[in-house]
Structures are given as C-alpha cells and as structure tokens.
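# Topology and contacts: notes
Chain by chain, the residues run as shown.
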Amino acid sequence: MKIIILGAGQVGTSVAINLASEANDITVVDQDAGLLQSLQDKLDLRTIRGYAAHPDVLTQAGADDAEMIIAVTNNDETNMVACQVAWTLFHTPRKIARVRAPQYNKYPSLFSQRGLPIDVLISPEQLVTEYIQRLLKYPGALQVLDFAGGLVQLVAVRAYEGGPLVGQELRELNQHLHGGEARVAAIYRDGQAIQPKGDTIIQEDDEVFFVAAAENIPAVMKELRRAEKPHRKLIFAGGGNIGRRLAERLEKDYRVKIIERNAERAASVAEQLRHTIVLHGDAADEDLLLEENIEETDVFCAVTNDDEANILSSMLAKRLGAKNVMALINRTAYVDLVEAGSIDVAISPQQATIGTLLTHVRRGDVVMVHSLRRGAAEAIEAVAHGDRHSSKVVDRAIGAIKLPKGTSIGAIVRGEEVIIAHHDTIIKSEDHVILFLVDKRRIIDVEKMFQVGVTFL
C-alpha cells in the first residue's frame, strides 16, 4: 500500500518500522529534520520536511494517489485538519487520526463525512486505559487481549515453580480444566519462541500465551500461576488523562488513590472524582508511600508522562512492599530492560496504538490485530469468506491447511460459539479465526490465505 505517515514521533516511528518491513510504500512527514534523518538511516522510505496539514506538503508527499493517511503528530488539530485537506483535495480513501483530547472524543458526530472526514479515530489514552483494566481483572497476567468482542481472550502469563503444569507435557492442560478448553499459542523461553506441541514440557519462567473463551481464563491461569486474590487496593501515580480515566472507571469497585505532583491538577481531579482519594505529592517520595500503606497495596501503577519517573516510582513501590507494579513506558528501549527487573508489567502506548492501526492496514478481512513482543509477533482475528473453491481455508480441517512457519490457529468463533482449534476442526465461511504469528514477517502469507479468489466473486 502507498501510505503517508504524518508525524515522526514515537508512534509515527513505530508505525513506520512496522509497515516499512512489509514492502509498503511509506512516506513520513515531519518538521524535525533530525527525526526524519534518523528514520531514513534505518528504513527504506521517503521523508518530507514540512507542516503536515499544508496542501503543498501533502502534494509533495504523494497524497494524490496515496491509499491511506495516518495522522499521528503531537497536535490533535493538525491531525484533524490534515485529514480534512486529504479528503477535500485528494479524496484519500482511508484517513486515520490520533486525537488525544477527551473534549473532542466526547462528540463522535464531529468525525464523519459531513464533519471532519476521519475514518478511524485513535485515542492512545483510551486504548491504554482499557488495556490496564483488563490486566487488573486477571491478577498475574502479563497481557490480556480481546478478540471477537471479548468472547475470546489471548492471555500471557509467566509459569512459576511448583505450578500444576510446570514439568508436565502441554497436552495435559485441558485435562486439568474440567470441561473447559484452552490452547497454548506460543511459549517464549529465555526470549526465544518455542512452537508448542503436545509433548512440549512447560518450564519455570516460561512466558506462555494461551487462547481460551473468556469464562475459562481464570481456570487456565490457576494451572500456570499461583492463585492470587482479586485486586482491591490500587494506587495510580499521575492524575493526567490516563490516571483520571482509570480512577473514574474503577473507583466504584476498588479502593483507589491517585498521587499527583501538580497541585492545580490534583485539585481539579479531586473535584471530578467522587470515591477516589487524590494526594498532592511525589509518587517517588518514600515517606509518602509508607504513609499511604504501600505494603498493603495490590497494584501500584505509574502512568505519568515521564518514563523515568514511572520507572523509579514503580521500583520504589515494589521495594516497599506493593504486591504488583506496572509502569507506563514510551521508550521502547526501556521496556525489555525494566521487565527483566522488579517491574511486573511494562505498558507501551505505542504497542496498543500500533495494533489498532495495523487492523486497518491488513489485507483480507482482518478485524483485529494485536502487536506482541515489542512488534516481533502478532495475534490477529481474520474472517473466512467464500467456499472450498475460492478460499484456501474454508471447508478445510486445520491440520490440512499449510500455515506459514511459526503460525498457529488458536480458536474459531462461529456466531456466539467459541471453538478451541484442533487439527480436525473444520473452518466454515464467516468464521472468525484467531491466529498467532511468532514471526510477523509472515503476515503477508496469512493475509493471502484469507483473501477470496475470483471464482467466489
């Protein structure tokens, strides 16, 4: 595809890296020459220096025949105007914009062909808020991702010493679930992917990705991890958009505190929330954390806009006794570094955003994409169409489908029914198929599998 990316910040760069590796024709527009030069040094793409919403800059970038514009500059208004210009002057078919301010997102009627012609609206803060909510629902999970409207979930956990399945063959998993079913989609051991088979033995510290119907997730987690009590006491460091949204959604079901170092913002957040305790102070202040009984806290989650502050406050909270700590980290280089230490979960806004973007870039009928392992792997939900003559997957048993190397089918959703995949499971037309790709470079082959041949058309 010919794609123009507006903005070479962290999200724009991450998107460019993901898409340029898949033989797309990419042009990146930004006003910062240094950022553009850094991208050109790494990737095979074009760069244009200029203001993203200016018609002449878009013309220079090739907007007259671009198939998609992804506007992810740091300015909401620039992103919105750029999409308007792209549609009015160039009739760009697909326009995606990042809009962060909740004041805009409250009015969906703004974003339509009659208003601002934006096809896909992305709010990183909202995506991160929903992601953290899912993690809080399943104590001990490293990742929780939804498919088929939440009917199926992909969950990552770390196997612990003494767990019922550690040292056992993988085929024994479903015997322990007493009627439920799950399928292990991938195992990462010492950072390396292992293709799961029936005789694969789970080891301590393995990172296990499994797929199951949502109601079966707790039972599977008990087999791989120590049973943990539901979270009750939460502390969020940072009262910005994410911290405030989380507290607003969770304060009725949890005991929530927010620590905010800006006095004016702390006062504003306190006025907006009814059941949350808002503290004015520094989340990396040891005395403050001890005063707030950090050792009794189930989850300490740092969501300020400062990576270093999030990392330091989370490490301190863990040392002082918080049971679980999470940190929002924008710099990709920091993510692997901190997860190897005392921080339980590193949350990357880029990965959450990229998954949503990739959903609208993938060919075939791909309705959901989640980027995993810092972009190296992907989990996708694709819809099968056609019949045996026009499709490479319809009316075929999974064992008879030649899947790309490192690709596995975890589950099928047929209407409201969740079917855990086995070698003799037959895919039907309109099934939603959940796939895991250890190597995202194989995505093109997977897309082709779900494209309908001309005989069906």
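Right above here is the structure, for reference.
Because the structure is a prediction, the values reported are computed rather than measured. (Residues numbered from 1 in each chain as written. Predicted model: local features only at pLDDT ≥ 70, side-chain atom pairs only at ≥ 80, totals over all residues. Heavy atoms only, no water.)

With that settled, consider the overall build of the chain. Looking only at helices and strands, the chain features 15 helices and 24 strands. Relative to the compact-globule value of 23 Å for 457 residues, the chain shows a C-alpha radius of gyration of 23 Å, a close match. Burial statistics for the chain: of 457 residues in total, 55% are counted as buried. The long-range fraction of contacts in the chain, counting pairs at least 24 apart against all pairs at least 6 apart in sequence, stands at 60%. (Helix = DSSP H or I, 4+ residues; strand = E, 2+ residues; numbered from the N terminus. Rg over C-alpha atoms; globule rule 2.2 N^0.38 Å. Buried < 20%, exposed > 50% of the residue type's maximum accessible area, 1.4 Å probe, protein only. Contact = heavy atoms within 4.5 Å.)

For the rest of this paragraph, the subject is helix H1 (residues 10-20). In terms of residue burial, H1 counts as a mostly covered element, since nine of its eleven residues are buried. All of the buried residues in H1 are Val11, Gly12, Thr13, Ser14, Val15, Ala16, Asn18, Leu19 and Ala20.

A few words on the pairing of strand E9 (residues 182-189). Summarising burial for E9: seven of the eight residues are buried, a large majority. Two elements, E9 and strand E11 (residues 207-213), share six bridges in a ladder whose sense is antiparallel. Pairing of arginine 183 across the sheet is with valine 211, part of E11. In the sheet, E9 pairs with strand E10 (residues 192-194) via three bridges, with the strands oriented antiparallel. (Pairing = 2+ DSSP bridges.)

The next subject is the sheet that holds strand E2 (residues 25-30). An order of E3-E2-E1-E4-E5-E6 is seen for the six strands of this open sheet, with the pairing classed as parallel. At either end of the open sheet lies a strand with only one pairing partner, and these are strand E3 (46-49) and strand E6 (120-122). Averaged over neighbouring strand pairs, the angle between their axes works out to 15° when direction is ignored. Alignment of E2 against E3, held across four bridges, turns out to be parallel. Paired with threonine 27 across the two strands is arginine 46, which belongs to E3. Sitting on the sheet, H1 touches strand E1 (2-6), E2, strand E4 (68-71) and strand E5 (94-98), and the angle it makes with E1 is about 165°. (Axes fitted to C-alpha atoms, helices over the stretch in contact; angles between N-to-C directions.)

By definition, the strands of a sheet pair up through backbone hydrogen bonds, in either a parallel or an antiparallel sense. Overall, parallel pairing links the six strands, which are arranged E14-E13-E12-E15-E16-E17 in an open sheet. Across the chains shown, the open sheet's two edge strands, defined by having one partner strand only, are strand E14 (277-280) and strand E17 (345-347). In this sheet, adjacent strand axes meet at a mean angle of 20° when their direction is disregarded. Here strand E13 (residues 255-260) runs beside E14; their pairing, made up of four bridges, is parallel. Bridging from a neighbouring strand, glutamate 260 pairs with histidine 280 of E14. Contacts from helix H6 (residues 124-137) reach strand E12 (233-237), strand E15 (299-302), strand E16 (324-328) and E17, with the element oriented near 165° to E17. Contacts between helix H9 (residues 241-250) and the sheet are confined to E12, E13 and E16, with E13 contributing the most and set at about 165° to the helix.

Of all hydrophobic cores here, the largest spans 65 residues; its most connected members are Ile132, Leu136, Leu154, Phe210, Phe236, Ile347 and Phe436. The element best represented in this core is E9, accounting for six residues. Excluding its chain neighbours within four sequence positions, the residues that come into contact with isoleucine 132 are Ile242, Leu246, Cys301, Val303 and Ile347. Core analysis: the next-biggest nonpolar cluster, separate from the first, contains 46 residues, Ile3, Ile70, Ile96 and Ala384 among them. (Core = buried A, V, L, I, M, F, W, Y, C linked by side-chain atoms within 4.5 Å.)

Looking now at the packing of aromatic side chains. Within the structure shown, the criterion is met by two aromatic pairs. An angle of 70° between the planes, with centres 5.8 Å apart, marks the rings of tyrosine 188 and phenylalanine 209 as edge-to-face. In this pair, tyrosine 188 sits in strand E9 while phenylalanine 209 sits in strand E11, placing the two residues 21 residues apart along the sequence. Assessed through its relative accessible area of 1%, phenylalanine 209 is described here as buried. Between phenylalanine 209 and phenylalanine 436 the ring centres are 5.4 Å apart and the planes differ by 55°, which places this aromatic pair in the tilted class. Taken together, the residues span a long stretch of sequence, with phenylalanine 209 in strand E11 and phenylalanine 436 in strand E24 (residues 432-437) at a distance of 227 residues. The two residues phenylalanine 209 and phenylalanine 436 agree in class, both being buried. By way of ring pairs, the aromatic residues Tyr188, Phe209 and Phe436 are connected into one cluster. (Phe/Tyr/Trp six-rings, centres within 6.5 Å; stacked < 30°, edge-to-face > 60°.)

Moving on: the pairing of E1. With five of five residues buried, E1 lies mostly within the body of the structure. Both faces of E1 are covered, namely the face carrying Lys2, Ile4 and Leu6 and the face carrying Ile3 and Ile5. Pairing of E1 with E2 involves five bridges; the strand directions are parallel. By the bridge assignment for E2, isoleucine 5 is matched with valine 28. Regarding topology, H1 serves as the crossover connection from E1 to the parallel E2, and that connection is right-handed. The pairing of E1 with E4 spans four bridges and is parallel. (Right-handed = clockwise from strand over helix to strand, strands pointing away.)

Tracing the backbone shows isoleucine 354 in helix H14 (residues 349-359). With a relative accessible area of 1%, isoleucine 354 lands in the buried category. Setting aside anything within four residues of it in sequence, one finds isoleucine 354 in contact with Ser14, Val15, Asn18 and Ser371.

This brings us to the pattern of salt bridges. Pairing between side chains of opposite charge can happen when the charged atoms of each approach one another. Scanning the entire structure with this criterion turns up 16 salt bridges. Note that arginine 265 is salt-bridged to glutamate 260, the shortest N-O span being 3.9 Å. Note on arginine 265: relative accessible area 42%, which makes it partly exposed. For the salt bridge of aspartate 344 with lysine 318, the shortest nitrogen-to-oxygen distance reads 2.9 Å. Of this pair, aspartate 344 sits in the loop between helix H13 (332-339) and E17 while lysine 318 is found in helix H12 (residues 307-319), placing the two residues 26 residues apart along the sequence. (Salt bridge = Lys/Arg side-chain N within 4 Å of Asp/Glu carboxyl O.)

Taken together, the side chains of Glu161, Asp190, Glu204 and Asp205 define an acidic patch exposed on the protein surface. Relative to the assigned elements, aspartate 205 resides in the loop between E10 and E11. (Patch = residues over 30% accessible without salt bridge, like charges linked within 9 Å, V, L, I, M, F, W, Y side chains within 5 Å. Areas by Shrake-Rupley, 256 points an atom, 1.4 Å probe, with all protein chains shown as cover. Lys, Arg positive; Asp, Glu negative; His and termini not counted. Charge placed at Lys NZ, Arg CZ, Asp CG, Glu CD.)

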